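Residues per chain are reported as follows:
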Amino acid sequence: MRPGAAARTASTSDAKAVSPTIESGVASAGLPQAVVGVVIALLVLLPETLAAVRAARRDRVQTSLNLALGSAVASIGLTIPAIALATVWLEGPLLLGLSATHMVLLALTVVVGALTVVPGRATLLQGEVHLAILAAYVFLAVSP
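Residues numbered from 1 in each chain as written. Predicted model: local features only at pLDDT ≥ 70, side-chain atom pairs only at ≥ 80, totals over all residues. Heavy atoms only, no water.

Asks: Would you mind going over the confidence of the model for the protein with me for this structure?
Replies: Reading predicted coordinates in detail is not appropriate for stretches of low pLDDT. For the protein, the mean per-residue pLDDT works out to 77, and 85% of the residues sit at or above 70. Confidence, read as mean pLDDT per element, is least for helix H1 (residues 5-29) in the protein (68) and greatest for helix H3 (residues 46-57) (88). (pLDDT = per-residue confidence, 0-100. Helix = DSSP H or I, 4+ residues; strand = E, 2+ residues; numbered from the N terminus.)

Asks: Explain the side chain of glutamine 62 here, please?
Replies: On the secondary structure map, glutamine 62 appears in helix H4 (residues 61-77). Residue glutamine 62 is classed as buried on the basis of its relative accessible area of 14%. Setting aside residues no more than four positions away along its own chain, glutamine 62 makes contact with Gly120, Arg121 and Ala122. (Buried < 20%, exposed > 50% of the residue type's maximum accessible area, 1.4 Å probe, protein only. Contact = heavy atoms within 4.5 Å.)

Asks: So what exactly am I meant to see when it comes to the environment of threonine 49 here?
Replies: Inspection of the secondary structure puts threonine 49 in helix H3. Residues threonine 49 and alanine 68, spaced 19 residues apart in sequence, show a C-alpha to C-alpha distance of 6.1 Å. A polar contact is formed between the side chain of threonine 49 and the backbone oxygen of leucine 45, at a distance of 2.7 Å. (Polar contact = N/O pair within 3.5 Å; in protein donor to acceptor, adjacent residues only side chain to side chain.)

Asks: Looking at this structure, how should I read unusual backbone geometry?
Replies: With a phi angle near 60°, aspartate 59 is a residue other than glycine that sits in the positive phi range. Residue position: aspartate 59 is located in the loop between H3 and H4. Relative accessible area serves as the criterion here: at 69%, aspartate 59 is assigned to the exposed category.

Asks: Hey, could you run me through the packing of helix H2 (residues 34-44) against H3 in this one?
Replies: The packing of two helices is summarised by the inter-axis angle and the distance between the axes. Close contact between H2 and H3 brings their axes to 5 Å; oriented N to C, the two are set at 65°. In contact with Leu42, Leu43 and Val44 of H2, H3 contributes Leu46, Pro47 and Glu48. Here the residues of the contact of H2 with H3 are counted per class, giving five nonpolar, no polar and one charged. (Axes fitted to C-alpha atoms, helices over the stretch in contact; angles between N-to-C directions. Nonpolar A, V, L, I, M, F, W, Y, C, P; charged D, E, K, R; others polar.)

Asks: Help me understand the side chain of threonine 116 in this model?
Replies: Here threonine 116 is to be found in helix H6 (residues 100-117). Polar contacts involving the side chain of threonine 116 include one to the main-chain carbonyl oxygen of valine 112, which spans 2.8 Å. In terms of polar contacts, threonine 116 uses its side chain to reach the side chain of histidine 130, at 3.0 Å. Beyond its immediate sequence surroundings of up to four residues, threonine 116 is in contact with Leu65, Ala122, Gln126 and His130.

Right, dumping it as structure tokens:
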């Protein structure tokens, strides 16, 4: 088993257990329903996020980005193709639930991620660009 895989499995089951609490908290705060998905994704990615923050504090930006991008791709990025494949057997259309703005942010993330990973050496500026895109996504998810 890959390091962190057990933590990810525990986080996934924890996220399912606290989902009703998160949903009621988001509804009582008057936030859009999309915030539930953001909070659950953050909870699932929490172990790798903490490891990425520790690496960044030690000035190991490449390691930090590898941890963050690797866990995001493994946890979230592979979900969409799996669901797309499942639509072969399921009835109804595949809806990603992303607005045009979020689709642009997704495409921007893919391009910036490729530009960061391909050279093999990340800089602090590239890490900050990734954080700026994340901040824009969270801001637009909270106040569309």
